Amino acid sequence: MIISTAGNTPGSLGDLVSAATSFDDVETDLLPALADDLDADSAGFYQAIRAGDSVRLGRSLAARGVNPETQHTWQQRFDRLSVTALAPPIAAATAQAFPLDEWLDFPKFLRSPAYETFWGPLGIHHVLIIRLAHRDDESFVFGLRRAAGGRRFCDAEVARVGGLLAPLMSTMSRLRLAEELEALRGGHAVAGPALAGLTCREQEIAGDVAEGLANKHIARRRGVSVHTVENHLRAIFRKTGVDSRTKLALAAGVDCS
């Protein structure tokens, strides 16, 4: 079972996801909460950055059941140990949740060097994957894991995670955007151009971008089509001279402060 659309969000866990203010919260609060909610033995999170045919590891976090030596090995051998890193990318601002054993040729995976030398000896066998595409070339992956002797992740658990896809996508994009904005501010890379020349709707959409919302989420909020949002963004970029969503978010933040 592969879920790529949101269902009903588990209440308290959804609130915890939405409350995250930094990637530190992902490690200390969100990962342990996901592991507890799904009765997983361990949990991990990583950022994958694609450049052509290769993928490099960005941020990598682990919670419960993962010792520092294991985490270090994972970070050093990411491209050989990650099952999902080189998978075909999913479109920006989309998300998926699926059990690993349904997504690939699992018997073949169990005979792979990655499993025989790393995952298997660690007792990691059943894995529930959550993929979140921040951009076409950048995604976030959560992995919830159980040992070989444990039960596999069932459809009901995948459906439960499906209810978290929308808040997870929104929160991860928001945290990443905040990180990018902080880097720009620290480097004094962009000044905030005035947005006074924009229409009211264009200013609203600039504000939505500053919140980290993807085009489809902006469209849903504003009651327009994605195509209309794209047209507004082209007009905003032309009027302000800003050449990226990150810089637009910074511009909107400066202008509104």
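Keep in mind that this is a model prediction, so the values were computed, not measured.

Calculation criteria
Residues numbered from 1 in each chain as written. Predicted model: local features only at pLDDT ≥ 70, side-chain atom pairs only at ≥ 80, totals over all residues. Heavy atoms only, no water. Buried < 20%, exposed > 50% of the residue type's maximum accessible area, 1.4 Å probe, protein only. Helix = DSSP H or I, 4+ residues; strand = E, 2+ residues; numbered from the N terminus. 1 Å grid on protein atoms, 1.4 Å probe; cavity = no way out; pocket = protein on both sides within 12 Å on 5 of 7 lines; lining within 4 Å. Points joined across faces, edges and corners; volume = space filled by probe spheres on them. Nonpolar A, V, L, I, M, F, W, Y, C, P; charged D, E, K, R; others polar.

Student: Which residues make up helix α11 (residues 215–222), and what values do they have?
Tutor: The set of residues buried in α11 consists of Asn 215, His 217, Ile 218 and Ala 219. Phi turns positive one or two residues past the end of α11, at Gly 223, with a value near 70°.

Student: Tell me what's going on with the environment of Arg 77, and back it up with residues and numbers.
Tutor: Examined against the element boundaries, Arg 77 turns out to sit in the loop between α3 (68–76) and α4 (78–81). The exposure class of Arg 77 is partly exposed, given its relative accessible area of 28%. When the C-alpha positions of Arg 77 and Ala 114 are compared, they lie 9.7 Å apart, and in sequence the two are 37 residues distant.

Student: Hey, could you go over empty space enclosed by the protein for me, with residue numbers and the actual values?
Tutor: Per the counting criterion, the structure on display carries two cavities of 30 Å³ or more. As a volume, the largest cavity reaches approximately 300 Å³. Taken together, 27 residues form the lining of the largest cavity, with Tyr 46, Trp 74, Trp 119, Val 127 and Arg 145 sitting closest to its centre. Only β1 (42–51), β2 (54–63), α3, α7 (113–119), β4 (126–135) and β5 (138–146) provide two or more residues apiece to the lining of the largest cavity. Among the elements that take part in the lining of the largest cavity, β5 stands out by supplying four residues, more than any other. When its residues are assigned to classes, the lining of the largest cavity shows 18 nonpolar, eight polar and one charged. Forming the walls of the second largest cavity are 18 residues, and the residues nearest its centre are Ala 48, Arg 50, Pro 89, Arg 131 and Ser 139. Breaking the lining of the second largest cavity down by element, the ones donating at least two residues are β1, β4 and β5. Here the lining of the second largest cavity takes four residues from β1, the largest share from any one element. Classifying every residue of the lining of the second largest cavity gives ten nonpolar, two polar and six charged.

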